[in-house]
Amino acid sequence: MSRQGGAAKTTTFELLRLRPEDEVEDGRITLIGKDVDEMDDGSSTALAIIVDVYGKKMEEDFEGVLERRIHQFINYAEGAWHTGQRNLNWIRLSRSSVKAGLTFRHFGDILITKLKEEFGGLVSRIQVTIVTDKDEVQRLLPEAMEVYGRRDARLAGLTDESVDTWYTCSLCMSFAPDHICVITPERMGLCGALNWLDAKASKEIAPTGPNQPIVKGECIDPVKGQFAGVNEVVYEMSHHKIERFNAYSLMEDPMTSCGCFEVIVAMAPDMQSVVVVNREYPGMIPLGMKFSSLAGSVGGGKQTPGFIGAGRKYITSRKFISADGGFLRISWMPRELKESMRKALDARARELGEPDFVDKIADETVTTDAEG
Ligand code: SF4
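Computed from a predicted model, the values in this text were never measured in an experiment.

(A) Here's a closer look at the sheet that holds strand S2 (residues 12–18). Here 4 strands make up an open sheet; going across it, the order is S2-S5-S8-S3 and the pairing mixed. Each end of this open sheet is capped by a strand with a single partner; those strands are S2 and strand S3 (29–32). Between one strand axis and the next, the sheet turns through 10° on average, direction left out of account. As defined by bridge partners, S3 adjoins strand S8 (residues 125–131) across 4 bridges and the pair is classed as parallel.

(B) Expanded view of the domain arrangement of the protein chain. For the protein chain, the domain assignment lists domain 1 (3–153) and domain 2 (165–360). Sorting elements by how many residues they give to the side of domain 1 that touches domain 2 places helix H1 (residues 63–74) first, with 4 residues. Class assignment for the residues of the side of domain 1 that touches domain 2 results in 6 nonpolar, 5 polar and 4 charged.

(C) How the structure looks around the packing of H1 against helix H3 (residues 104–119). One way to put it is that H1 packs onto H3 with a least axis distance of 10 Å and a crossing angle of 120°. Judged by the inter-axis angle, H1 sits oblique to H3. Judged by the sense of rotation from one axis to the other, the crossing of H1 with H3 is right-handed. In this structure, H1 uses Leu66, Arg69, Ile70, Phe73 and Ile74 to contact H3, whose residues at the interface are Phe107, Ile110, Leu111, Lys114, Leu115, Glu118 and Phe119. Here the residues of the contact of H1 with H3 sort into 9 nonpolar, no polar and 3 charged.

(D) Representation of the site of the ligand within the structure. Taken together, Arg68, Cys169, Leu171, Cys172, Cys181, Gly189, Leu190, Cys191, Ala193, Leu194, Cys258 and Cys260 make up all the residues around the ligand. In terms of residue class, the shell around the ligand is built from 10 nonpolar, 1 polar and 1 charged.

(E) Representation of the environment of glutamate 339 in the model. Here glutamate 339 shows up in helix H8 (residues 335–340). Separated by 152 residues in sequence, glutamate 339 and arginine 187 have C-alpha atoms that sit 22 Å apart.

(F) Structural detail: the nonpolar core. Core analysis: the biggest nonpolar cluster contains 100 residues, and Val182, Ile183, Val265 and Val276 have the highest contact counts within it. Residues within four places of valine 276 in sequence aside, it is in contact with Val263, Val265, Ile315, Ile330, Met333 and Leu337.

(G) Local environment of the sheet that holds strand S18 (residues 307–310). Here we have 4 strands laid out as an open sheet, ordered S18-S14-S15-S19, and mixed in their pairing. If you trace the sheet from one side to the other, it starts and ends with S18 and strand S19 (330–332), each paired once. Ignoring which end each strand starts from, the neighbouring axes of this sheet average 35° apart. One ladder, built from 4 bridges, connects strand S14 (residues 263–267) with S18; its direction is antiparallel. Within S18, the residue paired with isoleucine 264 across the bridge is glycine 309. In this fold helix H7 (residues 291–298) packs onto S14, strand S15 (274–278) and S18, with an angle of close to 80° to the strand it touches most, S14.

(H) Broad picture of helix H5 (residues 196–205). When H5 is considered as a whole, its buried residues turn out to be Trp196, Leu197, Asp198, Ala199, Ala201 and Ser202. Buried residues in H5 make contact with H1, strand S9 (165–169) and strand S10 (181–183).

(I) Seen up close, helix H6 (residues 228–237). Val230, Asn231, Val233, Val234 and Met237 are the residues of H6 that are buried. Where H6 is buried, its residues touch S9, S10, strand S11 (213–215) and strand S13 (226–227).

Cut-offs and rules
Along each chain, residue indices are assigned from 1 in the same order as the chain's sequence is written. The predicted origin of the model limits local features to residues at a pLDDT of at least 70 and limits the giving and counting of side-chain atom pairs to 80 or more, whereas totals for whole chains, interfaces and linings rest on all residues. Should DSSP find at least two bridges between two strands, the strands are regarded as paired. In this description a helix means any DSSP run of H or I spanning at least four residues, a strand means any run of E spanning at least two, and both kinds are numbered starting from the N terminus. Think of each axis as a best-fit line through the C-alpha atoms, taken over the contacting stretch in the case of a helix, with angles from 0 to 180 degrees between the N-to-C directions. Throughout, the edges of the domains are those of an automatic or database domain assignment. Any residue outside Ala, Val, Leu, Ile, Met, Phe, Trp, Tyr, Cys, Pro, Asp, Glu, Lys and Arg is labelled polar, Gly included; the first ten of those are nonpolar and the last four are charged. The cut-offs work like this: below 35 degrees is roughly parallel, past 145 is roughly antiparallel, 65 to 115 is roughly perpendicular, and the gaps in between are oblique. Crossing chirality is assigned from the near helix's rotation relative to the far helix, an anticlockwise turn below a right angle marking it left-handed and a clockwise turn marking it right-handed. Two residues qualify as a contact pair if the distance between their C-beta atoms, derived from the backbone, is within 7 Å. In this text, near has one meaning. A residue is near a molecule or strand if its C-beta atom, placed using the backbone, is within 6 Å of it. Only buried residues count toward a nonpolar core: Ala, Val, Leu, Ile, Met, Phe, Trp, Tyr and Cys, linked into one set through C-beta atoms within 7 Å. Burial is judged by counting other C-beta atoms within 10 Å of a residue's own C-beta: 20 or more means buried, 12 or fewer means exposed, and anything between counts as partly exposed, with every C-beta placed from the backbone.

Right, here's the structure in full:
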């Protein structure tokens, strides 16, 4: 690969914001820092992609839905590869695409054109700011983190039982044709970018789009989270590859993964506990491999009992592998992941009556082999 941003090597984020009409100059593309053609071959860069939109019918609740399309639209560019989301995105450009003249400014063109094409009824003005200057990306990051937190907080109080309808997300079928994400109030999409409210909003603004309602229907197994209506939809959407879907189990008929997961949750070799590992962790995990090797066998739209891809927030959900013992089953996670989620992990541990639990979860400073 010729140039890249993210992959835990550099600070990156992508953010789509609704702005007042007079703050959005339609079609404007601003680059702060170096463009691709000024960077060295094989180098990495900090990268912020900020898309400001205005439209009479645009609402703040729709921001996350449009923002997720950055993933889809950047992947349309030949030689550009985008995975992840929010501040955990990762973009790579191939040598041939750079040689052919692809630049970050072209991302602006692509995003403005495609967002207008798909959401022209919602947004009438779009401007894109691309930042590769490291200090500026760092300065802008807290605002993005605040927005992500606010979006996730809107879900508080909603439970899987309190709604009749869950949602599909088929946006990543271009990577894994048989994969379908099932989004519930207590389990967001495995990319960590789309929650149940986002999927609901997405259906409103793009009625035939990637997020379609699933009427849960008859409950087949309340513990594993299996419903007749969900089975039917998953069966159809997976091209008849997946017959049963359990929302709360990683051991039996779990959700498939496209490859965009923020973390992988895997049963430990002794089957007594689970390890959780995030994409950014480069070292060995107590399964005798690294995240990159593990990701190869978990993605691709196949059910792999014992392994699931998930969004970080799912770890502290009350429905986190609840059919297989839940949160207290975690025995290992990378230190950085543990510390970055410390507040939420501690709160969940307290809720379960185990206030010291998080300190009992091992990390790479304790051991990286299953025996340990
Ligand atoms: S990972 Fe799932 S929820 Fe996220 S965009 Fe892809 S299909 Fe949708």
